[in-house]
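These are the residues of each chain, in order.
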Amino acid sequence: MNRQEKICIVFLIPAATVMASFLSPALGLLQDYFMVSKSTLSSVVTYYLAGCLLSQPLWGATGKKIGKVRSIRLGVGTALLGSLFLITGWYIHYFTLFVSGRFLIGFGLSAHLVCGFAVVKERLPPASQRNFFTLITVIFTVGTYSSMMLSGFMAQHYSLGAVVACYLPVCLALLVPAWCLSEDEKHFKKEAAPKLLLQSNTLFLTVMFSLTLAITTLIAYMYAFYAPLIATHNFGLQPQAYSIYSFFTLFFLLLGSFIYPRLAQVMSELALCISGLVFILCANILLLALYSSALLTVNSMFLSFYLMNFVLGAIYPAATLLALEFNPCKLTAATIMNLIKMGVPIVALYLSSRLFQDSIHSFAYTVLGYAGVCLLFLLALQYQKKNFTIA
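This report concerns the structure included in the present document. Because the structure is predicted, anything quoted here is derived from the model rather than measured.

What counts and how
Residues numbered from 1 in each chain as written. Predicted model: local features only at pLDDT ≥ 70, side-chain atom pairs only at ≥ 80, totals over all residues. Heavy atoms only, no water. Phe/Tyr/Trp six-rings, centres within 6.5 Å; stacked < 30°, edge-to-face > 60°. Helix = DSSP H or I, 4+ residues; strand = E, 2+ residues; numbered from the N terminus. Buried < 20%, exposed > 50% of the residue type's maximum accessible area, 1.4 Å probe, protein only. Disulfide = S-S within 2.5 Å. 1 Å grid on protein atoms, 1.4 Å probe; cavity = no way out; pocket = protein on both sides within 12 Å on 5 of 7 lines; lining within 4 Å. Points joined across faces, edges and corners; volume = space filled by probe spheres on them. Nonpolar A, V, L, I, M, F, W, Y, C, P; charged D, E, K, R; others polar.

1. Describing the packing of aromatic side chains
With the rule as written, the count across this model stands at 21 aromatic pairs. Consider the rings of F22 and Y167, whose centres lie 5.6 Å apart with planes at 80°: the pair is edge-to-face. Of this pair, F22 sits in the loop between α2 (15–21) and α3 (27–34) while Y167 is found in helix α10 (residues 167–173), placing the two residues 145 residues apart along the sequence. By relative accessible area, which is 0% here, Y167 ends up buried. Residues Y245 and F302 carry aromatic rings whose centres are separated by 4.6 Å and whose planes lie at 15° to one another, so their mutual orientation is stacked. Of the two residues, Y245 is situated in helix α13 (residues 239–263) and F302 in helix α15 (residues 298–325); the sequence distance between them amounts to 57 residues. According to the relative accessible area criterion, F302 is buried, its value standing at 0%. Ring pairs connect the aromatic residues Y223, Y242, Y245, F252, F302, F305, Y306 and F363, which therefore count as one cluster.

2. Quick word on the state of the cysteines
By definition, a disulfide is the covalent link that joins the sulfur atoms of two cysteine residues. Using the criterion set out here, one finds 0 disulfides in the structure. We note that C8 lacks a disulfide partner, and the nearest cysteine sulfur, in C180, lies 5.0 Å from it. The buried category is assigned to C8, whose relative accessible area is 5%. In this structure C374 is not part of a disulfide, and its nearest cysteine sulfur, from C273, lies 9.7 Å away. In this structure C374 comes out as buried when scored by relative accessible area, which is 3%.

3. Considerations on the layout of surface pockets
Size it by volume and the largest pocket reaches roughly 360 Å³. Taken together, 16 residues form the lining of the largest pocket, with F11, V18, M19, G143 and V170 sitting closest to its centre. Contributing elements (two or more residues each) for the lining of the largest pocket: α1 (3–12), α2, α8 (126–157) and α10. For the lining of the largest pocket, the element with the highest residue contribution is α8, accounting for 4 residues. Split into classes, the residues belonging to the lining of the largest pocket amount to 14 nonpolar, 2 polar and no charged.

In short, shape yes, function no, at least from these values alone.
What follows is the structure, given as C-alpha cells:
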C-alpha cells in the first residue's frame, strides 16, 4: 500500500462515524423544528445506524463480487442520494424523508468500514498494522469532534438548514479519495502466518472481540444522542458551548490512542481491553454517584465523559486488531466486526430511550450493563490462561 492509498483509506474509513455525529449538537433544534418526542428523535441516530448495520452483509458480498474499491465508490454514490433525501426532508418539513436520508447515508458510507478495513489487512504488512490502526483512531477522533464543533458553531450562528446542507458537499468530497484509491487487488504476501498463541474457533473470537470493540461505538453514539440533551435540558448549554466541551473530548481520545502502542509493548491486547472496561465502569459509577447526590455539574459530567474517551482511544485499536486477526478471510472478519459494532448501539439506543425517562440514567446504566457483560466474558478468557498476544 503506497502513501496515496494510505491517505485515501484514512479519509474513507472514518467517514461513516464522522457523518453520524455531525448533527449531534443540533439535535435539540431538530426536535423543536420537527416537533417530535425524544423517543421519535432517537430515530435520527438509530436509522443511521440501521443503515450501517443492514448494509454490512451486502457490502461484504459486493466486495467479493465486484471488488472492494468499486464497492467503496458505489457506497459514496448511495450516500450522495441519501444527502439529497436528507436536505429535501428538512426543506419540506417531512421527518420520515429526513431520517430516510440518514438511513441511506449510513447505508452507503458503511461500505468504507467493511471494505476499507479489509483493504488495510490485506495490503498492509503486519508490522505496520498496529500503528496504522492507531492513526485511524486519531482521524476518527479528530474528524468526529471537529465536525461536531463546526456544526455547533453553524447551528448557533447561522441556521439548522446550514448544518443539514453540509452533508451534500461532504459526500461529494468523498468521491476524490474513492476514485484515487487503486483498484489493484494484489495483497501483501506474508512471509509467515502470524503466530497466534491461541487455537480456538475463529468465528467465536471474531464475534467476542467485535463485541468488545462495540463498547467504543456504543459510548460514542450514546454520547452523541444523550450528551446534547443533558447539556441543554439539565445545564442550559447553547449548541456552541456544548461543541466546545465536546471538542476537548478529542484530546483525551488522542491521548489514549497515542498511549496504546506503548501499552501494547508491556501488556497483551486482551489485558488492555479488560483494564479499559474496568476504567469505564468506574467512570460511570462516579457519574451516577454525583448525579444521585445532586453534586453533578457540567464540568464533572464532562470529566467523566473525558475519562471514558481516554480509555476508548486505547481500546479501539486493540480490539480492532484482535477482531480482524483470527479469521483468515479479512473481508468476512470486517463484515462481522462492523455488523456487531453498528448493531450494538442501535439496540442500546432503542432500549435506553424506552426503559429510562432520565437521559443521564439512560446513558450511564446502559454503558454500565454492556461494559459489565463484556468484562465478564473477557475475564473468563483470561481465567482460562489464554494469551491473545499477536507475535
